[in-house]
Amino acid sequence: MSPPTDNEIEKQPPSDDTTLELASSSSEEPTTKPVSKFTRWYRSPLFNVIIVGLISFTQPGIWNALNNTGAGGQQEPYLVNGSNSLTFGLMVFGCTIFGVIANRIGVKKVLIIGTLGYAPYSASLYVNNRYGTEWFVLFGGVTCGIAASALWAAEGAIALGYGGVKDRGKFAGIWLGLRELGQLIGSSIQLSMNVKSSGRGKVGYTTYLVLISLQCLGLPLAFLISPPEKVIQSDGNRRTKPEGKKTTIKEEFKKAWGLMKRRQMFLLIPILVGFQWNATYLGIYMTKYFSVRARTLGSLTSGVAATFANVFWGWFYDLKYFSRPTLAKLCWLFFVVTMAGSFAWQTANEKLYGDSNPRITLDWDSPGFGRGFASMVFMRFLNESHYMYMYWIVGTFFDDIETLTLAVSLVRTFESIGSSVSFGIGAAKVSPMVNLVIAFVMFGFTIPATSVVVFMVPERPVDMSKAVEASSGEDSEADHVAAKTAESLSSS
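Nothing here was measured: the structure is a model prediction, and the numbers come from that model.

A. Region of interest: the pattern of salt bridges. For the coordinates displayed, the defined rule picks out 9 salt bridges. Arg324 is the partner of Glu459 in a salt bridge, and the nearest nitrogen-oxygen pair spans 3.7 Å. Taken as a pair, Glu459 in the loop between helix 20 (432-454) and helix 21 (464-491) and Arg324 in helix 17 (residues 324-354) lie far apart in primary sequence, 135 residues in all. Looking at Glu459, the relative accessible area reads 39%, which means it is partly exposed. Assessed through its relative accessible area of 16%, Arg324 is described here as buried. The partner of Glu415 in a salt bridge is Arg412, and the shortest N-O contact between them spans 3.3 Å. Residue Glu415 and its partner Arg412 are located together in helix 19 (residues 401-427), separated by 3 residues, close to a single helical turn. Assigned by exposure class, Glu415 and Arg412 land together as buried.

So, in structure tokens, the structure goes:
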């Protein structure tokens, strides 16, 4: 067959590819409708990230303030560790489920759901502290698990996905830094109310009333969040919704499964499961060896250390001095070396205090208090640095909000697996040294796979929605060719 002439080519209608290209280019044009300065500020990525950070401050921030006193402020850690194990057990499934739901109904609605379950958990600690009721603590663990599944899936996607790639370190630092503000304020309240409690025991029940009031502020704040398509970038552009039919829940689960099978996500599973097993040990450590006021001081200084970690790493990750691949390698080397040293320091302290006779109670005016206290604060700093690093790593791989929502939900899912098992071991009344050794072994287990992922970090992330669209387009073309071939064979 002879090739078409120039006249025939001119008469041909534009191809589907040309139409799609024109539609795509027109959808990326800046917003033509004039908006006020207030609207641009209210719809800006920065405003939304600040609101998400304040929500995180009222919800997991206050939860952390209670948890970092050791055992939620209770005298013994076992009931609270059991409740926390239940919370994270629900999150193993809930984070992925809510990540899928967020891509169907929107991250804002899922975020609102995420503000409803933390206050009942704190209320259960108040009732247990004052009246000794235990079943309510487990029920609170259930409500907290459901709410945290929704909150964790939505807040990370907003913090990482609403802004540009160049701002991801800064926005992650703002989000997580404001979360730690909850711990700072909550811990300050606890310390002021328990400053005279120089012996072992539990915090006063009035402490919980103030913290519950703060957690009730999360719901109205959630209504201030803008949907992704209404966010106005610094250049005046809005994020456009992907064209095409709305995906089903089944298709979203298939996307999540496909994402998990990618090497970048699959090889992160060990560190997501194993890095923070020491958090359970630190709660037991504070409960076993420190006075009430020293525990509340520990919660406060842990918040200061975590806030510093968020601010510092948020600034450091956005530096232009290093390329992103180089930065990923340098930071991972730092974490491996310092975490190994921290475990060695903590093991020496545990051996000293565990073998003491009579049983030791460290107060801030006790000899040797600084040694035992500083090791705990330093490990909390490294744990928060790990959080920042993991989210930054995920942000280096993926660019679109839909993929980031699923990726964050998978990150939270595997973190929850590790936390659920570690808190379960903490509730089983094993010795603190055994708990610490398990945490050390789990950390060592994470190093090889994570090192491989670190060497895969690209300079620019990938927009997976466009990659999927291109892939589906290629599949459709292949199906069309196959159908034509089958038709010609059957006719012959």
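From this point on, the discussion continues.
B. Quick peek at the confidence of the model for the protein chain. In this model, the protein chain carries an average pLDDT of 79, and 80% of its residues clear a pLDDT of 70 or more. Per-element mean pLDDT across the protein chain ranges from 40 in helix 2 (residues 16-27) up to 94 in helix 11 (residues 218-222). Contacts for the low-pLDDT stretch residues 70-75, under 50 throughout, to residues beyond four places or in other chains number 32 contacts. pLDDT under 50 marks residues 467-492. Its contacts with residues more than four places away, or in other chains, come to 2 contacts.

C. The arrangement of the nonpolar core in detail. Judged by nonpolar contacts, the single largest core of 124 residues is most densely connected at Leu111, Phe290, Trp313, Tyr317, Tyr389 and Ile393. By residue number, the principal contributor to this core is helix 18 (residues 369-397), which donates 16 residues. With residues near it in sequence (within four places) discarded, Trp313 still touches Cys331, Phe334, Phe335, Phe381, Ser385 and Met388.

D. Structural context of a nonpolar patch on the surface. Together, Leu86, Leu90, Leu138 and Ile146 line one region of the surface with nonpolar side chains, adding up to about 290 Å² of accessible area. Broken down by secondary-structure element, the contributors of at least two residues to the nonpolar patch are helix 5 (78-105) and helix 8 (135-161). In this structure, Ile146 sits in helix 8. Its relative accessible area of 43% is what places Ile146 among the partly exposed residues.

E. Empty space enclosed by the protein, seen in detail. Applying the stated criterion across every chain, the model contains 4 cavities of 30 Å³ or more. Computed from the structure, the largest cavity encloses a volume of approximately 480 Å³. Considering the residues around the largest cavity, the lining is formed by 31 residues, among which Trp63, Asn64, Gln276, Ala279 and Tyr387 are closest to the centre. Those elements giving two or more residues to the lining of the largest cavity turn out to be helix 4 (45-67), helix 9 (168-193), helix 14 (269-274), helix 15 (278-289), helix 16 (292-317), helix 18 and helix 19. With 6 residues, the single largest contributor to the lining of the largest cavity is helix 19. Here the lining of the largest cavity is composed, by residue class, of 13 nonpolar, 12 polar and 6 charged.

F. Structural detail: the environment of Arg130. As for its position among the elements, Arg130 is in helix 7 (residues 118-131). Distance from Arg130 to Thr206, taken between C-alpha atoms, is 9.2 Å for residues 76 residues apart in sequence.

Definitions and limits used
Residues numbered from 1 in each chain as written. Predicted model: local features only at pLDDT ≥ 70, side-chain atom pairs only at ≥ 80, totals over all residues. Heavy atoms only, no water. Salt bridge = Lys/Arg side-chain N within 4 Å of Asp/Glu carboxyl O. Helix = DSSP H or I, 4+ residues; strand = E, 2+ residues; numbered from the N terminus. Buried < 20%, exposed > 50% of the residue type's maximum accessible area, 1.4 Å probe, protein only. pLDDT = per-residue confidence, 0-100. Contact = heavy atoms within 4.5 Å. Core = buried A, V, L, I, M, F, W, Y, C linked by side-chain atoms within 4.5 Å. Patch = residues over 30% accessible without salt bridge, like charges linked within 9 Å, V, L, I, M, F, W, Y side chains within 5 Å. Areas by Shrake-Rupley, 256 points an atom, 1.4 Å probe, with all protein chains shown as cover. 1 Å grid on protein atoms, 1.4 Å probe; cavity = no way out; pocket = protein on both sides within 12 Å on 5 of 7 lines; lining within 4 Å. Points joined across faces, edges and corners; volume = space filled by probe spheres on them. Nonpolar A, V, L, I, M, F, W, Y, C, P; charged D, E, K, R; others polar.

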